Amino acid sequence: MAELTYRDAVARGIAQEMERDEDVVFLGEDVAAAGGVFKATVGLLEQFGPLRVRDTPISEQAILGAAMGAAMTGLKPIAEIMFADFLAVCYDYVANEIPKARYMTNGQVGCPLVIRFGGGGGLRFGAQHSQCVENWVMQFPGLKVVSPSSPIDVVGLMAAAVRDPDPVMFLEHKGLYATKGEVPDGEIVDTLGTAKILRPGTDCTIVALGLMVHRALAAAERLAAEFGISCEVVDVRSLVPLDTQTILGSVARTGRVFTVEENPRVLGWGAEIVSIIADEAFYDLDGPPVRITSPHIPLPAADLLEDMVIPSVDRVIETIRRSMSA
Amino acid sequence: MAKKPGRAAAAAPVAPAVANDDIGEAKRLEMYRLQVTIREAEQRANDLFFQNLIKGTSHLSLGQEAIAAGVAAAMIPGDKTFCTYRGHAHTLARGVPVEQVLGELMGRDNGLMRGKGGSMHLTSVEHGVMGSYAIIGAHLPIACGSAWRSQYKKAGDVTVVFFGDGTTNIGAFHEALNFAVIWKLPVVFVCENNLYMEYTLNADVTAVEHPAADRASAYGLPRIVIDGNDADVVYRTMGEAFAKARAGDGPTLVEAMTYRHSGHSRADPAKYRPEGELEAWKKRDPLLIYRERLKSFGVTDAQMAKIDADVMKVVDDATEACKAAPTTSTDILFTDVYADGGWAWRN
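As a convention, each chain's residues are numbered from 1 in the sequence order in which they are written. Chains carry letters and ligands carry numbers; both start at the beginning, A for chains and 1 for ligands, and go up in the order they are written. With the structure being a predicted model, the display of local features is reserved for residues of pLDDT at least 70 and the display and counting of side-chain atom pairs for 80 or more, all residues being used for whole-chain, interface and lining totals.

## So, the environment of A:Met212
All names here are of chain A.
Here's step 1: Checked against the element boundaries, Met 212 lands in helix 8 (residues 211–227).
Here's step 2: Three exposure classes are used, all based on how many other C-beta atoms lie within 10 Å of a residue's own C-beta (placed from the backbone): buried at 20 or more, exposed at 12 or fewer, and partly exposed between those limits. Take Met 212: there are 31 C-beta atoms within 10 Å of it, and that puts it in the buried class.
Here's step 3: Sequence separation of Met 212 and Glu 261 is 49 residues, and the distance between their C-alpha atoms is 6.7 Å.
Here's step 4: Sequence-distant contacts of Met 212, defined by excluding residues within four places in its chain, comprise Val 260, Glu 261, Glu 262 and Pro 311. For the purposes of this entry, the term helix denotes a DSSP run of H or I that reaches at least four residues, the term strand denotes a run of E that reaches at least two, and both are numbered from the N terminus. Here contacts are defined at the residue level, using C-beta atoms placed from the backbone and a cut-off of 7 Å between them.

## Details of the environment of A:His173
Residue and element names in this part refer to chain A.
Here's step 1: Tracing the chain through its elements places His 173 in strand 7 (residues 168–173).
Here's step 2: Here the alpha-carbon distance between His 173 and Leu 44, two residues 129 residues apart in the chain, equals 20 Å.
Here's step 3: When residues no more than four places from it in sequence are discounted, the contact partners of His 173 are Gly 119, Gly 120, Gly 210 and Leu 211.

## Examining the packing of helix 2 (residues 25–50) of chain B against helix 5 (residues 98–105) of chain B
Think of two packed helices as two axes; the pair is described by the angle between the axes and how far apart they sit.
Residues and elements named next belong to chain B.
Here's step 1: Fitted lines through C-alpha atoms give the axes, limited to the stretch in contact for helices. The angle between two N-to-C directions lies from 0 to 180 degrees. As a packed pair, helix 2 and helix 5 sit with axes 11 Å apart at the nearest point and diverge in direction by 25 degrees. One finds that helix 2 runs roughly parallel with respect to helix 5. Once helix 2 is placed against helix 5, the crossing between them reads as right-handed. The segment helix 2 lies against helix 5, with Thr 37, Ala 41, Arg 44 and Ala 45 engaging Val 98, Val 101, Leu 102 and Leu 105.
Here's step 2: Residue composition of the contact of helix 2 with helix 5, grouped by class: six nonpolar, one polar and one charged. Any angle that falls under 35 degrees is termed roughly parallel, while one over 145 is termed roughly antiparallel, one within 65 to 115 roughly perpendicular, and all others oblique. Helix crossings get a hand from a simple test, with the near helix turned counterclockwise from the far one by less than a right angle marking a left-handed crossing and a clockwise turn marking a right-handed one. We call Asp, Glu, Lys and Arg charged. Ala, Val, Leu, Ile, Met, Phe, Trp, Tyr, Cys and Pro are nonpolar, and the rest, Gly among them, are polar.

## Let's talk about the interface of chain B and chain A
Here's step 1: Contact with chain B, which involves 39 residues of that partner, is made by 40 residues of chain A.
Here's step 2: At the level of secondary structure, the elements contributing two or more residues to the side of chain B that touches chain A comprise strand 2 (129–133), helix 6 (139–153) and helix 7 (171–182) of chain B.
Here's step 3: At ten residues, helix 6 of chain B tops the list of elements feeding residues into the side of chain B that touches chain A.
Here's step 4: Here the side of chain B that touches chain A is composed, by residue class, of 22 nonpolar, nine polar and eight charged.

## A word on the nonpolar core
Here's step 1: Grouped together as the largest cluster of nonpolar side chains are 195 residues, with contacts concentrated most on A:Ile206, B:Cys144, B:Val188 and B:Val190.
Here's step 2: Here B:Val188 is in contact with B:Val158, B:Val160, B:Met238, B:Ala241, B:Phe242, B:Ala245, B:Pro251, B:Thr252 and B:Val254, once residues within four sequence places are set aside. For this analysis, nonpolar core means a set of buried Ala, Val, Leu, Ile, Met, Phe, Trp, Tyr and Cys residues linked through C-beta atoms within 7 Å.

## Quick word on the pairing of strand 10 (residues 204–208) of chain A
All names here are of chain A.
Here's step 1: Of all five residues in strand 10, five are buried; the element is thus mostly enclosed.
Here's step 2: Of the two faces of strand 10, the one carrying Cys 204, Ile 206 and Ala 208 and the one carrying Thr 205 and Val 207 are both buried.
Here's step 3: The pairing criterion is simple: DSSP has to find at least two bridges between the two strands. Where strand 10 lies against strand 11 (residues 231–235), five bridges are found, and the strand directions are parallel. Directly across from Ala 208, in strand 11, lies its bridge partner Asp 235.
Here's step 4: You can see the chain leave strand 10, run along helix 8 and come back into strand 11, and the turn it takes is right-handed.
Here's step 5: Here strand 10 pairs with strand 13 (residues 257–264) via four bridges, running parallel. Orient the strands so they point away from the viewer, and a crossover whose first-strand-to-second-strand path over the helix runs clockwise is right-handed.

## Topic: the sheet that holds strand 12 (residues 238–240) of chain A
Two modes of strand pairing occur in sheets, parallel and antiparallel, and in both the strands are linked by backbone hydrogen bonds.
All names here are of chain A.
Here's step 1: Strands sit in the order 3-2-4-5-7-6-12 across an open sheet of seven strands; the sheet is mixed. This sheet does not close on itself; its edge strands, each paired only once, are strand 3 (53–55) and strand 12. Taking the axes of each pair of neighbouring strands and ignoring which way they run, one obtains an average angle of 20 degrees across the sheet.
Here's step 2: Contacting strand 2 (24–28), strand 4 (76–83) and strand 7, helix 1 (residues 6–20) crosses the sheet at an angle of about 140 degrees to strand 2.

## Describing the confidence of the model for chain B
Here's step 1: pLDDT is a per-residue confidence score from the predictor, ranging from 0 to 100. Mean pLDDT over chain B: 93, with 94% of residues reaching 70 or higher.
Here's step 2: Contacts from residues 1–17 of chain B, a stretch scored under 50 in pLDDT, to residues over four places away or in other chains number 14 contacts.

## A look at the pairing of strand 1 (residues 80–84) of chain B
Residue and element names in this part refer to chain B.
Here's step 1: Taking burial as the measure, the five residues of strand 1 include five buried ones, the bulk of the element.
Here's step 2: Bridging between strand 1 and strand 3 (residues 159–164) involves three bridges; their strand directions are parallel. By the bridge assignment, Lys 80 is partnered in strand 3 with Thr 159.

## Considering the sheet that holds strand 3 of chain B
Residues and elements named next belong to chain B.
Here's step 1: Spatial ordering of the open sheet is given by 2-1-3-4-8-7, a layout of six strands whose pairing is parallel. Here the strands that pair on one side only, and so sit at the sheet edges, are strand 2 and strand 7 (225–227). On average, each strand axis in the sheet is inclined to that of its neighbour by 20 degrees, with strand direction left out of account.
Here's step 2: Across three bridges, the pairing between strand 7 and strand 8 (residues 252–257) is parallel.

## A look at unusual backbone geometry
Here's step 1: Here A:Val240 and A:Pro241 are connected by a cis peptide whose omega angle stands at -5 degrees.
Here's step 2: Counting through the fold element by element, A:Pro241 comes out in the loop between strand 12 and helix 9 (244–254).
Here's step 3: One non-glycine residue with positive phi stands out, namely B:Leu195, at about 80 degrees.

## A closer look at helix 7 (residues 151–163) of chain A
Residues and elements named next belong to chain A.
Here's step 1: By definition here, a helix of n residues has an expected span of 1.5 Å times n minus one. Taking 1.5 Å per residue, 13 residues should reach 18 Å; helix 7 reaches 19 Å between its end C-alpha atoms and fits that length.
Here's step 2: Counting buried positions along helix 7 gives twelve out of 13 residues, so the element sits mostly inside the fold.
Here's step 3: Every buried residue belonging to helix 7 is among Pro 151, Ile 152, Asp 153, Val 154, Val 155, Gly 156, Leu 157, Met 158, Ala 159, Ala 160, Ala 161 and Val 162, and all of these are buried.

Written as C-alpha cells, this is what we have:
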C-alpha cells in the first residue's frame, strides 16, 4: 500500500497495462520525453521505450485517427488529448468515426482504445482550457465514458478501460492531479459501468463526478455536522455505461436527489440522470430533484470569477439546506 | 523505375500470345477484368437507382476505374485499403463480390453490412477493405494508424488510402502526411484528381495546380503526378510505392489524374462542366485505353468480349440475387453498437 497522487496514478495505471500487453501503445503531445504537460506520464518512455510511448506533433486529428486505425487493425492504443477542450479540434473522430465503426460495419470493425484527457476548471486557465466536456462525449452511441475521482480509481478504471473492447473516453480532472490517496500494491482492475456510494446517508442523495465528488463529500460532512442532514454521496464514475441501479437504489432510500455538475447547465449529465429518476423513481421522491451546475456561461479566468461559476462546497450546502427545509 | 523480371523469361518455353514485359499477360487481363467489373457494377448501381431500388445517395467511379484496378492489382493479401464515400470501385477491386456490394446499396440482407452502412461505408475486413469514410479526409490519419500497427507488429503489409482532389484542402490531409513521414509509415496516399471537388472546379479553390503533388515537397516527398486513366501506369507507380513502404522507407503520395463521367453524386447532373469536356475525357476512357493496350499485346477482341460477357453475367446474376434477397432483418437494428453485441448504455 502506498500513497499516490492522482497524477502518478495515471502513469501507474498505464504502466500496469503496458507491462501486461505488448499491444498497448501510448501516443500524444509531449507525453514521452517530457512526461506530459501535467507530468502524469513521467517514466513511461524510460520503461517502455520510444516504439510504445510516442510523442506526436500538435495534430489532434492525426492522434485520434492513428489511434483508431491502430485499434481497428489490432493494437490497443491509449491516446492523450492534452486538454479536454482540444477534443473540439478532432471531434470528427469522437463523434463520427470511432463510435460508429462497429455498428456501420455490422460488427466487422472494433476500436479498442482509450482516449484520455485533462478536463475541468479551478486552475484559472480561462474558457478554452478549463471545460468539463462530459456532455460532448457521452451523447454518442458506441462510446464509453468514465471519470475517476481518486488515485485508486484512476488505476483501476484505466485498467478496465484498456481491457475493454470498446472505445473509452477517460476524463481526468486537472484539479485532482495533485490530490493523494492510498493505492494498494499489485494489479488493480476495476469495472466500467459501476457507481460507488462513498458515504452512506438517509435524508438525500448527492450524485457527483470528478472534482465535484470531493466537494459533495465536504458538503455532506458539514450538512451533517451543522444542519443534521444526512447525505448519501454517489460517485457516478462511469457515465456510459451508467449504473442507474445504484443511483435509483440510493434515491429509493433517501427520497431526495441532488446532482453536482461542473459542466455548464444545458444538457449536463445530471439532466439525463434526473430524467431517468423522474421516469423510474418518481414515487420514491419526497421533493423535486435539484441540479447544482455551473451556470450556462463560458468559464472566466480570474480566480474570483471562476470560483463563482463552478459549484463550491458552500453552494452545495446552501442549495441542499434550502431545498431540504422548504 | 525498376523492372521486374519478365514472366516469359521465368517460365514460358513457347512464344507467348501476349508480349511479356514487367506487367505480363495475366496481370493485364486481371486489371482489364477489374475495370470492366467496376464499370458494369457502377452502371448497374446507377440503373437500380433510377428504378428506385437503391435509395439515399451514391458516388460512382465511372471513368476512374483504372486507378482502382491498377492499385488493387499491385496489392497482396493482407494489405489494407481505406476508401472514401466514392468507394464501390476500390471495394470491388479487392475482390468483394458484386452481389454483396449491390445488396448493401439496396438495403438487402445479403449486403456487405446487411444494410447498416450503405453506399458510403462499404467495408469488408476479410478482403482488407477497412472501410469507406464519408467525412472528407478523416480516413487519412486512420490509415496512418493501420500503417503504424503494421510497422509496430512488423507485419509487412502496406496500407493504401484513396481520396479526392478536394481532400487536399482539409487539415486532416496535412496532419496525416506529416505524421506518416515523421514516423516513416508504410502507407501510400492516392489522390484521385478528377478535377472537381463536388460541384466546384478544384483549381478554382486551390493555391497550386496539382493539389496533392504540389504539396508533397512540404512533407519532403517527391512530386508524383500520373495518368490515372492508364492502369499500367497506376500499377507500375504502385509497385514502386509498395516496395518503398515494405522496405521501411516510408510513405508515398501519388496524384492520379482522372475524370468522373457522372456527377458528384446521384443528385448532381454535373451541369457545371464546360461543353466538350466530358467528351474529350471519354476519348481517354480507361477502358478504351486498356482495350487498345491489350490489342497491342495481341489479345483478341474475342478474348475481351468473353471477359465482358463473363462480367456482365456476374453483374446480372448479382442483380437478380439482390432483387430476390429479403430486405435486411430488423433484428440487427440494435446489434453491434458495443462489442458485447448489443446497445446497452445503462443497467
